[in-house]
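Per-entry structural report
So you can see what is in the structure, the chains are spelled out below.
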Amino acid sequence: MMKKYIILASCLAFMACGNGDAQAIKIDEQNHLNEAYNLSYELATAVKEATTYEEFQEASLNLKSYEEAFRTQIGGESYLIFLEECNAILNE
Amino acid sequence: MKKNRKQKAILATIYTLFVVLLLLGTRCESRIHLTTPEKDAQHLAELAETIHSEADLRKVERLASEYEIAYRKSYNGAKALYFKSLYEPILDEAGERRAAIRAEEDYLAMQQTTLHNTIGDLESAWVMPLGSYEEELQRLIANNTIIEAMQGELEALIAQKEVYAYEIIDAGYPQDMLQKLGQMEADIEAKGNEIKEIEHRNAIIKLANKLQLERELVIENNCEETTAEATM
């Protein structure tokens, strides 16, 4: 019985951690267009230039969290710019 | 006799009331309040201006259709047609806006998919177990050999399909032959996708070698002679 509770609590904690990242990020609503350009460059470059799997994992999780934050908080043109810039850097 | 007349009068009154209620009912059933065709079309035009999504557009289209039905019921077909002539250009314009919205949404979805796939590919490349340079090169060459064979099969399938298409024309488009042609087209598509998948696998192998071991796999003279030069 106890084991079940521990598994459930772990799952909930894991889910909370996963969602927490994007929720904790706050995109500057006054300056979201610049943020889209600057952050996409910074985050995608970190993913591309990772030299170990651990670095890659951290960088890609960070990028995904910001992507989610842009999608949910800003959307529209800035979100599209964020995606386009990330794709351009990662696929160049 | 007198009683009969009274009964008839009651029946006539009931019938008249029934007809009146029926007419009122059809009017009340519609939640549309009609003004004039010009004003109602103007109202639709104002609503069409606020369209931002597919759902918004569908609402305006539904409303226009309800207005038209209401005009037909409350007045006549001519009035409904006149109203239709006023709102149709508005809906056409709204349709163009919808197409633009859809294109934007599709483009956004494509960018999202590209980003997610790229990160997925990088993840696969980072976790891929790698062998020696020679072993990796052999993997690529083996895949290239499969691709070459499959491309030959694909070309044969395309040639067969083209011949079969002419046979269908000569036979006068019978249903069973058309079905077989559909199946041939599906086979061609499936074969093309299989080739793409192996090509993608090769791309991941190259990426994995580049990311994990900073080496580039170079195949010289395609399958026969291979010279491995690691760029460390």
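Position numbers for residues count from 1 along each chain, tracking the sequence in the order it is written. All chains are assigned letters beginning at A, and all ligands numbers beginning at 1, according to the order in which they are written. In keeping with the model being predicted, local features are shown solely for residues with a pLDDT of at least 70 and side-chain atom pairs are shown and tallied solely at 80 or more, while totals for entire chains, interfaces and linings include all residues. No hydrogens and no water enter the side-chain calculation; it runs on all heavy atoms of the structure.

Structural notes on the overall build of chain A
Quick reminder of the rule: The helix count covers DSSP runs of H or I at least four residues long, the strand count covers runs of E at least two residues long, and both are numbered beginning at the N terminus. Type-normalised accessible area, obtained with a 1.4 Å probe on protein chains alone, sets the label of each residue: buried when under 20%, exposed when over 50%, and partly exposed for intermediate values. Throughout, a residue-residue contact means that at least one pair of heavy atoms, one from each residue, lies within 4.5 Å.
Scanning chain A for helices and strands turns up 4 helices and 0 strands. Helices (α) and strands (β) of chain A occur, in sequence order from the N terminus, as α-α-α-α. Residue burial in chain A is summarised as follows: out of 92 residues, 32% are buried. Of the contacts made within chain A by residues no fewer than 6 positions apart, 66% connect residues no fewer than 24 positions apart.

Points about the environment of Gly75 of chain A
Residues and elements named next belong to chain A. Considering the arrangement of structural elements, one finds Gly75 in the loop between α3 (53-74) and α4 (76-91). Judged by relative accessible area, which is 13%, Gly75 ranks as buried. Through-space distance from the C-alpha of Gly75 to that of His32 is 9.8 Å; in sequence the pair is 43 residues apart.

Quick notes on the layout of surface pockets
Which entries qualify depends on this criterion: A pocket here means an open set of points on a 1 Å grid, computed over the protein atoms alone, that has protein on both sides within 12 Å along at least five of seven lines. A cavity is instead a set of points where a 1.4 Å probe fits but cannot get out; residues with an atom within 4 Å of a point line either one. Grid points are joined across faces, edges and corners, and a volume is the space filled by probe spheres set on the points. Just so you know the grouping, Ala, Val, Leu, Ile, Met, Phe, Trp, Tyr, Cys and Pro go in nonpolar, Asp, Glu, Lys and Arg go in charged, and all remaining residues, Gly too, go in polar.
The computed volume of the largest pocket comes to approximately 440 Å³. Lining of the largest pocket is provided by 16 residues; of these, Lys48 of chain A together with Leu122, Leu207, Lys210 and Leu211 of chain B occupy positions nearest its centre. If you list the elements that add at least two residues to the lining of the largest pocket, you get α4 of chain A together with α4 (77-127) and α6 (175-213) of chain B. Per-element accounting of the lining of the largest pocket gives the leading share, 5 residues, to α4 of chain B. Looking at side-chain class alone, the lining of the largest pocket contains 5 nonpolar, 5 polar and 6 charged residues.

Let's talk about the packing of aromatic side chains
Residues and elements named next belong to chain B. So the rule is basically this: When the centres of two rings from Phe, Tyr and Trp lie within 6.5 Å, Trp using its six-membered ring, the rings pair. Their planes under 30 degrees apart give stacked, over 60 give edge-to-face, and anything left gives tilted.
The final tally for this structure, using the stated rule, is 7 aromatic pairs over all chains. The interplanar angle of 45 degrees and the centroid separation of 5.7 Å between the aromatic rings of Tyr67 and Phe83 together place this pair among those described as tilted. With Tyr67 in helix α3 (residues 54-74) and Phe83 in helix α4, this pair connects stretches of sequence that are 16 residues apart. Both residues of the pair, Tyr67 and Phe83, belong to the buried class.

What to know about the confidence of the model for chain A
Detailed reading of the predicted coordinates is not advisable wherever pLDDT is low. For the record, the criterion: Every residue carries a pLDDT, the predictor's confidence in it, which falls somewhere between 0 and 100.
Taken as a whole, chain A shows an average pLDDT of 84; of its residues, 76% reach a score of 70 or greater. Within the model, pLDDT remains below 50 along residues 11-20 of chain A, and this stretch shows 0 contacts once partners closer than five positions in the same chain are excluded.

Concerning the pattern of salt bridges
All names here are of chain B. The following threshold applies: Salt bridges are defined as contacts in which a side-chain nitrogen from Lys or Arg sits within 4 Å of a carboxyl oxygen from Asp or Glu.
If you walk through the whole model with that rule in mind, you get 9 salt bridges over all chains. Between Lys191 and Glu153 there is a salt bridge; the shortest N-O distance is 2.7 Å. Taken together, the residues Lys191 in helix α6 and Glu153 in helix α5 (residues 133-171) connect sequence positions 38 residues apart. Classification of Lys191 as buried rests on a relative accessible area of 15%. Overall, Glu153 belongs to the partly exposed group, its relative accessible area being 39%. Between Lys161 and Glu185 there is a salt bridge, and its shortest N-O distance comes to 3.7 Å. Pair noted here: Lys161 is in helix α5 and Glu185 is in helix α6, with a separation of 24 residues, a long-range link.

Thoughts on the interface of chain B and chain A
This is how it is decided: Two parts placed together each lose some accessible area under a 1.4 Å probe, and the buried area is that loss summed for both. Under the rule applied, a polar contact is a pair of N or O atoms within 3.5 Å (in protein, one hydrogen donor and one hydrogen acceptor; residues adjacent in sequence only if both atoms are side-chain atoms).
Opposite the 13 residues of chain B that make contact, chain A presents 19 residues. Taken together, both faces of the contact between chain B and chain A bury some 1500 Å²; the carbon and sulfur share is 69%. On the chain B side of the interface with chain A, the three residues burying the most area are Leu115, Ile119 and Trp126 of chain B, jointly 40% of the side's total. Our enumeration of links across chain B and chain A arrives at 6 residue pairs in polar contact (both at pLDDT 80 or more). The class makeup of the residues in the side of chain B that touches chain A is 7 nonpolar, 5 polar and 1 charged.

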